[in-house]
Amino acid sequence: MADTAKSAKLTIGEQSYDLPIYSPTVGPDVLDIRKLYGQAGVFTYDPGFTSTASCDSTITFIDGDEGILLHRGYPIDQLASKSHYLEVCYLLMYGELPTAAELEEFENTITRHTMIHEQMHNFFRGFRRDAHPMATMVGVVGAMSAFYHDSTDISDPRQREIASHRLIAKMPTIAAMAYKYSIGQPFVYPRNDLDYAANFLHMCFSVPAEKYEVNPILARAMDRIFTLHADHEQNASTSTVRLASSSGANPFACIAAGIACLWGPAHGGANQACLEMLKEIGSVDRIPEFIARAKDKNDPFRLMGFGHRVYKNRDPRATVMKQSADEVLDLLGVENNPILQVAKELEKQALEDPYFIDKKLFPNVDFYSGIILEAMGFPTSMFTPIFALSRTVGWVSQWKEQLADPQHKIGRPRQLYLGSALRDYTDIESR
Ligand code: CMC
């Protein structure tokens, strides 16, 4: 916990209370209200946790007003252009950039854990073919606790580390298998001679009937998508992982909970929702109609891929993702694809519209990632599983950090109760 030199005075009626204020390394000060209920008998009210720090963390920092995202202090644009996903995984998990030897050992460890228990293949086959890959992933990742008993003792740091390695290593295999199963193709085993991103493309797109060469530019773009989604401090799915873990649940169950939360369209599901929206718009001339709907208070429709809870400036991940989208579209020669034309024009019109300008609604990372994934040949149903596999390292890093924190305790928010006060039960004949 940060040292405190400052405090705030809260006055309720005649009584005043001193509340400590902590200063973080960077970012706004934080008011400590932990003793407030004990001293003053009041709770604080913050639905959606818009103003509440739920933990201390040293992993990721976001300044949403300035559009800054740092992992262990390093800006995301530098990591996306100079580093690669597994190095960023190491950084997130261990706090520092690895030496060459440390990176080699880490990459070997992850590569050697990519296969899943053969018995799990049968588990996959129990799902309907038309199951959404996210539904399959929630089930299969949760079921890992039934297969890897030797890494579920959360009180043992070595078991925590092995569980983390397994999750990072096996998640691409699980996501690719969920995809292969949904299209009726055979599962493709991982290849240890390929890097993390190339191996994922291989497991998704190769078939036993013919040779498949991974395009290095697409592998690089894939790696960048993984890197840009690796962690995002205390977002909904990460907070879900931490909350699940706070009860002492095993790592695989906690990450399955994170996947379930990520699935929603306001979070990781936005990339699928965004592409489906672009397809629904269909042609450039229909864009004004959809922008008008997004602005209409009586219409629940929102422009998917726009806005962010924290970023009230450009999403720094979106800036890098946009460059990557341009490279991939150029390589694949699909600039004239109607969906991509709708995307480009929608971006332009929304950025010029006073509604979006005033509310600081910019395209977020999901706006561009969906465009790249579509161009690569992934169906929309795979967009959120790809987000989930990328975010796994963030979840496990935050989970490990939480368990190593001696102050951690079960998460248990309070409420503003507005239901009936005490009343007597009425017999059914009298109702
Ligand atoms: N289209 C139209 N209006 C919007 C949009 C949008 N995409 N996003 C926010 N607004 C409006 C909203 O109606 C509200 O207006 P008013 O103040 O007049 O009531 C105002 O902007 C603030 O919105 P909010 O819902 O209070 O903001 P929030 O911080 O709770 O929500 C959000 C953030 C991401 C859930 C929201 O912007 C949204 O639903 N965006 C579309 C879904 C999306 O793209 N999500 C992906 C986020 S990035 C990936 C990730 O990290 O998970």
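Keep in mind the model is a prediction, meaning the values are calculated, not measured.

Basis of the calculations
- Residues numbered from 1 in each chain as written.
- Predicted model: local features only at pLDDT ≥ 70, side-chain atom pairs only at ≥ 80, totals over all residues.
- Heavy atoms only, no water.
- Phe/Tyr/Trp six-rings, centres within 6.5 Å; stacked < 30°, edge-to-face > 60°.
- Helix = DSSP H or I, 4+ residues; strand = E, 2+ residues; numbered from the N terminus.
- Buried < 20%, exposed > 50% of the residue type's maximum accessible area, 1.4 Å probe, protein only.
- Lys NZ or Arg CZ within 6 Å of the ring centre and 35° of its normal.
- Pairing = 2+ DSSP bridges.
- Patch = residues over 30% accessible without salt bridge, like charges linked within 9 Å, V, L, I, M, F, W, Y side chains within 5 Å.
- Areas by Shrake-Rupley, 256 points an atom, 1.4 Å probe, with all protein chains shown as cover.
- Salt bridge = Lys/Arg side-chain N within 4 Å of Asp/Glu carboxyl O.
- Near = heavy atom within 4 Å.
- Polar contact = N/O pair within 3.5 Å; in protein donor to acceptor, adjacent residues only side chain to side chain.
- Nonpolar A, V, L, I, M, F, W, Y, C, P; charged D, E, K, R; others polar.
- Domains from an automatic or database assignment.
- Contact = heavy atoms within 4.5 Å.
- Buried area = accessible area lost by both parts, 1.4 Å probe.

Our focus in this paragraph is the packing of aromatic side chains. If you walk through the whole model with that rule in mind, you get 20 aromatic pairs. For the ring pair phenylalanine 290 and phenylalanine 301, a centre distance of 5.7 Å and an interplane angle of 70° mean the geometry is edge-to-face. On the criterion of sequence distance, the pair formed by phenylalanine 290 in helix α13 (residues 287-295) and phenylalanine 301 in the loop between α13 and α14 (316-332) is long-range, its members being 11 residues apart. Given a relative accessible area of 14%, phenylalanine 301 falls into the buried group. Seen from their ring centres, phenylalanine 367 and tyrosine 368 are 5.1 Å apart, and the 90° between their planes marks the pair as edge-to-face. Across the pair, tyrosine 368 and phenylalanine 367 agree in class, each one buried. Clustering of aromatic rings is evident, with ring pairs tying together Tyr85, Tyr179, Tyr196, Phe200, Phe205, Phe226 and Phe378. Across from the ring centre of tyrosine 37, 5.8 Å away, lies the NZ or CZ of arginine 414, which sits over that ring.

Another point: the sheet that holds strand β2 (residues 15-22). Taken in spatial order, the 3 strands line up as β1-β2-β3 in an open sheet, and their pairing is antiparallel. The two strands at the open ends of the sheet, each matched to only one other strand, are β1 (6-12) and β3 (30-31). The pairing of β2 with β3 spans 2 bridges and is classified as antiparallel. Bridge pairing links tyrosine 22 to valine 30 in β3.

Here we come to the environment of leucine 422. Mapped onto the secondary structure, leucine 422 falls in the segment after α18 (383-404). Among the residues examined, leucine 422 registers a relative accessible area of 88% and is labelled exposed. For the pair formed by leucine 422 and alanine 143, sequence separation is 279 residues and the distance between their alpha carbons is 43 Å.

Moving on, we come to a nonpolar patch on the surface. Among the surface-exposed residues, Tyr45, Leu416 and Leu418 lie close enough to one another that they form a single nonpolar patch of about 410 Å² accessible area. Its relative accessible area of 74% is what places leucine 418 among the exposed residues.

Before going further, it helps to examine the site of the ligand. The immediate surroundings of the ligand are formed by 22 residues, with His267, Lys297, Leu303, Gly305 and Lys359 found nearest. Between the ligand and tyrosine 355 there is a distance of 3.0 Å, counted from a nitrogen atom to a side-chain nitrogen or oxygen. Of the residues belonging to the shell around the ligand, the class tally is 9 nonpolar, 6 polar and 7 charged.

Domain assignment breaks the protein into domain 1 (7-53), domain 2 (72-266 + 383-403) and domain 3 (269-376). Once you take the C-alpha centre of each, domain 2 and domain 3 turn out to be 26 Å apart. At the interface, 24 residues of domain 2 touch 26 residues of domain 3. Both sides together, the interface formed by domain 2 and domain 3 hides about 2,100 Å², and carbon and sulfur atoms give 70% of it. Summed over the three residues of domain 2 that lose the most area to domain 3, namely Leu228, His232 and Phe383, the buried surface amounts to 31% of that side. In this structure, the connection of domain 2 to domain 3 is made through 1 salt bridge. Connecting domain 2 to domain 3 are 7 residue pairs in polar contact (both at pLDDT 80 or more). At the level of elements, α2 (76-82), α9 (216-228) and α18 are the ones that each hand at least two residues to the side of domain 2 that touches domain 3. For the side of domain 2 that touches domain 3, the element with the most residues is α9, which contributes 7 residues. Its residues assigned to classes, the side of domain 2 that touches domain 3 shows 15 nonpolar, 6 polar and 3 charged.

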